[in-house]
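# Remarks on the overall topology
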Amino acid sequence: MSAALKYTLGRIGLFVAVLAGLWLVDMNVFLKLMLALVFSAALSFFLLRGWRDEMAGEIAEAAERRRTEKERLRSALAGEDQAQAQTQTPTPDPPTQTPDSPR
């Protein structure tokens, strides 16, 4: 299971648990939802730190892979790969014509 999915499900579960605890209190439903959102966010900051760090690591690795692939594709489009291949196998220079030579 990916770390992002674990973290997201943990946040949702924590929200539902806090909301269930607040459901027993006699107050406005909108206020219960807002308090559950705030309390679950604060609790997840401490309780889900490991999963959040794991998710951040996965996101950073994916960003690095995308950056590397993007650089590789840009160099391929610019012809740098072909230029490197040509320097490895030298090609003869075409004969040059001087301005005084007959055509």
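Shown above is the structure to which this text applies.
Below you will find a few notes about this structure. (Residues numbered from 1 in each chain as written. Predicted model: local features only at pLDDT ≥ 70, side-chain atom pairs only at ≥ 80, totals over all residues. Heavy atoms only, no water.)

### Some remarks on the overall build of the protein chain
For the protein chain, the count of helices and strands is four helices and zero strands. Taken across its 103 residues, the protein chain has 16% of its residues classed as buried. Counting only contacts in the protein chain whose residues sit at least 6 apart along the sequence, the fraction spanning at least 24 positions is 56%. (Helix = DSSP H or I, 4+ residues; strand = E, 2+ residues; numbered from the N terminus. Buried < 20%, exposed > 50% of the residue type's maximum accessible area, 1.4 Å probe, protein only. Contact = heavy atoms within 4.5 Å.)

### Observations regarding the side chain of Ser-44
Along the chain, Ser-44 turns up in helix H2 (residues 29-47). Since its relative accessible area comes to 1%, Ser-44 is described here as buried. A distance of 3.3 Å separates a polar atom in the side chain of Ser-44 from a polar atom in the side chain of Arg-11. Ignoring anything within four residues of it in the chain, the contact list for Ser-44 reads Tyr-7, Arg-11, Leu-14, Arg-49 and Arg-52. (Polar contact = N/O pair within 3.5 Å; in protein donor to acceptor, adjacent residues only side chain to side chain.)

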